[in-house]
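# An overview of the molecular structure
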2 protein chains.
Amino acid sequence: MALGALKIRTESRDEFLKQIKEVNRTLAATRPTARNLFWAIDRMQQVAEAGNDPKQIKKALVDEAVNIHSEQIEADQKLSQFGAGLIEDGFTVLTHCNTGALATGGYGTALGVIKRAHEQGKKVRVIATETRPLLQGARLTAWELKRADIPFKLITDSMAGHFMSRDEVDCVIVGADRIAANGYTANKIGTYTLAVLANAHGIPFYVAAPTSTIDMSLTSGYQIPIEERSPDEVTHIQGVAIAPEGTEVFNPAFDITPSQYITAIITERGIIRKPYGEGLRGVTKNA
Amino acid sequence: MALGALKIRTESRDEFLKQIKEVNRTLAATRPTARNLFWAIDRMQQVAEAGNDPKQIKKALVDEAVNIHSEQIEADQKLSQFGAGLIEDGFTVLTHCNTGALATGGYGTALGVIKRAHEQGKKVRVIATETRPLLQGARLTAWELKRADIPFKLITDSMAGHFMSRDEVDCVIVGADRIAANGYTANKIGTYTLAVLANAHGIPFYVAAPTSTIDMSLTSGYQIPIEERSPDEVTHIQGVAIAPEGTEVFNPAFDITPSQYITAIITERGIIRKPYGEGLRGVTKNA
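Residue numbers here run from 1 along each chain, matching the order of that chain's written sequence. Going through the entries in the order they are written, you letter the chains from A and number the ligands from 1. pLDDT decides what is reported in this predicted model: residues at 70 or higher carry local features, side-chain atom pairs at 80 or more are listed and counted, and totals for whole chains, interfaces and linings draw on all residues regardless. Based on all heavy atoms of the structure, the side-chain values leave hydrogens and waters out of the count.

## Details of the interface of chain A and chain B
- If you look at the interface, chain A gives 54 residues, while chain B gives 54 residues.
- On the chain A side of the contact with chain B, Ser158(A), Ile242(A) and Phe250(A) bury the most area, a combined 15% of that side's loss.
- For this analysis, a salt bridge means a side-chain nitrogen from Lys or Arg found within 4 Å of a carboxyl oxygen belonging to Asp or Glu. Applying the counting rule to chain A against chain B returns four salt bridges.
- Here a polar contact is taken to be a pair of N or O atoms separated by no more than 3.5 Å, where protein atoms must pair a possible hydrogen donor with a possible acceptor and residues adjacent in sequence count only if both atoms sit in side chains. Our count for the contact surface shared by chain A and chain B stands at 15 residue pairs in polar contact (both at pLDDT 80 or more).
- Runs of E in the DSSP output that reach at least two residues are strands. Runs of H or I that reach at least four are helices, and both are numbered from the N terminus. Breaking the side of chain A that touches chain B down by element, the ones donating at least two residues are α7 (136-147), β3 (152-155), α8 (160-165), α9 (191-200), β10 (240-241) and β11 (254-257) of chain A. Whether two residues are in contact is decided by their heavy atoms, any of which lying within 4.5 Å being enough. As used here, buried area is the combined drop in accessible area, with a 1.4 Å probe, of two parts when they are placed together.

Below, the structure written as structure tokens:
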């Protein structure tokens, strides 16, 4: 929004607000599922509308963008500190997709919790799922874990149940794209499968996310829109075809995990446990 | 074994048996998990040892190989006929890996059941998992389903739970590499995850395999050796690196599904239900 604002060439407040609304719409149309996107755009929109003239609004938007970034880093660090309390020395933690600095622009959420536990001197080992179709686990999480010097093994998504059945996973931590008022959580496709598996094996399943991810306007997680992405992501890997031409696919980018499968939700304002409705109201009040 | 025998150049029975034993050992060392491999090698070994001279043994081995192939096709067709009775008109069947003619040399096992139901005029739709790491679902099953004109969608392995939670899967059918005397089943990695998911959603989970897959010498499935394969299969896809260099992986090629997750085992001698011990003894008697 700030970068879009800087490119607007007008001295009329009305014309500026018209054009910034267009920037807003363009950004809002990029992806439907994650709550933070709309949360940040809305916040920037409010700053724009509260301003007097384009020059002043541009400065205010840049300042607000920097504020959001700083707050995000702080939120990540706080929730990582809370979450690290759930990780015991010697734990093997299974995580999905990427939730580190590459994904959050801050310190990380689920991966932040793991990093913080590691920084506290706990021996933590990670099992990272590759996270098909876009392989964020193999490409990004593996890179961040190597950089942080945290021992890990990469697995294909299909192997999670096998390692849980062999008692090789002490807990699962994932991030969230949107959390509804009832605690149901939208996150990267495959998260729900991991939650069902963790439940079947009596393994704690944690969601780590800043409160900006919580959407109190949705009473049920099933109201969260799920982005369906290009078939090419399934039929091709990094440009190489892996299925016969014309193969039809399903490609939902996210799934919904019901709250009964979630042991706790870790936010920068504390750890929330069931029943989630009350706890989520608490951490979002006066937010 | 037959091809190996044809290459042996000796007229001495002892020397021939020494060399055919070497062929046997070479084949037996290729893979540890699947039972059929050892079943077929043992059968050929017995034919070799019962023979009088190399020339006669070579002919007997070729005949036996042709017999095994014919019996395999017949077994596939019989079990597919039994299994098709479990598939109702309008069913969406989820399957994993490849279990068609490409895998079995016959008609197929799990995919044979689906093909037979389709041939019976039932409207059957398939959800095929891509089956990482080696993508047998995307590469082989998708090709066979297209060829058989059966409508299907390809998904990544991580999506199975999502579609089960949306009531879009009526049953799961998979093959087997080895079935222990207690019904515990070794099959392609990811099978166990699908079985846990099916159980959590009340969806029938079927294993389709010829009786040559059953290993009554193992009282528990956890005695089945699990092949661990090259890390490259996880870190690379068709030669393209998908993870940072030096990334460590786990790569078990199979997992074990306990019998409590298996609704029925479909063999060429009938459909077996719990308790499996008795039923498995029955279909392997005088085999």
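The discussion continues.
## Thoughts on helix α4 (residues 54-84) of chain B
- Expected helix span is computed as 1.5 Å times (number of residues minus one). If you check α4(B), its first and last C-alpha atoms are 44 Å apart, about what 31 residues at 1.5 Å a residue would give, namely 45 Å.
- Here α4(B) starts with a cap whose side-chain oxygen sits 3.1 Å from the backbone nitrogen of Lys55(B), and that cap is Asp53(B).

## A short note on the nonpolar core
- Nine residue types can take part in a nonpolar core, namely buried Ala, Val, Leu, Ile, Met, Phe, Trp, Tyr and Cys, and a core is a set of them joined through side-chain atoms within 4.5 Å. For each residue, the accessible area found with a 1.4 Å probe, counting protein chains only, is set against the maximum for its type, and the residue is called buried under 20%, exposed over 50%, and partly exposed in between. Judged by nonpolar contacts, the single largest core of 80 residues is most densely connected at Val172(A), Phe205(A), Val172(B) and Phe205(B).
- Once residues lying within four places of it in the same chain are set aside, the contact partners of Phe205(A) are Val172(A), Val174(A), Thr191(A), Leu194(A), Ala195(A), Ala198(A), Thr257(A), Tyr261(A), Ile262(A), Thr263(A) and Ala264(A).

## Remarks on the sheet that holds strand β11 (residues 254-257) of chain B
Residues and elements named next belong to chain B.
- Across the sheet, four strands lie side by side as β8-β5-β6-β11; this open sheet has mixed pairing. Each end of this open sheet is capped by a strand with a single partner; those strands are β8 (214-215) and β11.
- Note on pairing: two strands pair once DSSP finds at least 2 bridges between them. Alignment of strand β6 (residues 185-188) against β11, held across four bridges, turns out to be antiparallel. Of the residues in β11, the one forming a bridge with Ala186 is Ile256.

## Quick notes on the packing of aromatic side chains
- When two rings of Phe, Tyr or Trp (its six-membered ring) have centres within 6.5 Å they constitute a pair, described as stacked for plane angles under 30 degrees, edge-to-face for angles over 60, and tilted for the intermediate range. Counted by the stated rule, this structure contains six aromatic pairs over all chains.
- Geometrically, a lysine NZ or arginine CZ counts as sitting over a ring once it is within 6 Å of the ring centre and also within 35 degrees of the ring normal. The ring of Phe250(B) carries the charged tip of Lys153(A) above its face, separated from the ring centre by 5.1 Å.
- Between Lys115(B) and the ring centre of Tyr107(B), over which it is positioned, the NZ or CZ distance is 4.3 Å.

## Describing a negative patch on the surface
- Exposure above 30% relative accessible area and the absence of a salt bridge qualify a residue for a patch, where like charges join within 9 Å and nonpolar side chains (Val, Leu, Ile, Met, Phe, Trp, Tyr) within 5 Å. Shrake-Rupley sampling with a 1.4 Å probe provides the accessible areas, and residues are treated as covered by the protein chains on show and by no other component. Positive charges come from Lys and Arg alone, negative charges from Asp and Glu alone, with His and the N- and C-terminal ends not counted. Each charge is placed at NZ for Lys, CZ for Arg, CG for Asp and CD for Glu. Taken together, the side chains of Glu88(B), Asp89(B), Asp167(B), Glu168(B) and Asp170(B) make up a negatively charged region of the molecular surface.
- The topology assignment puts Glu88(B) in the loop between α4 and β1 (92-95).

## A closer look at the side chain of Thr185(B)
Residue and element names in this part refer to chain B.
- Tracing the chain through its elements places Thr185 in strand β6.
- At a separation of 3.0 Å, a polar atom in the side chain of Thr185 contacts the main-chain carbonyl oxygen of Gly183.
- Beyond its immediate chain neighbours, meaning those up to four positions away, Thr185 contacts Gly175, Ala176, Arg178, Ile179, Val207, Asp255, Ile256, Thr257 and Ile262.

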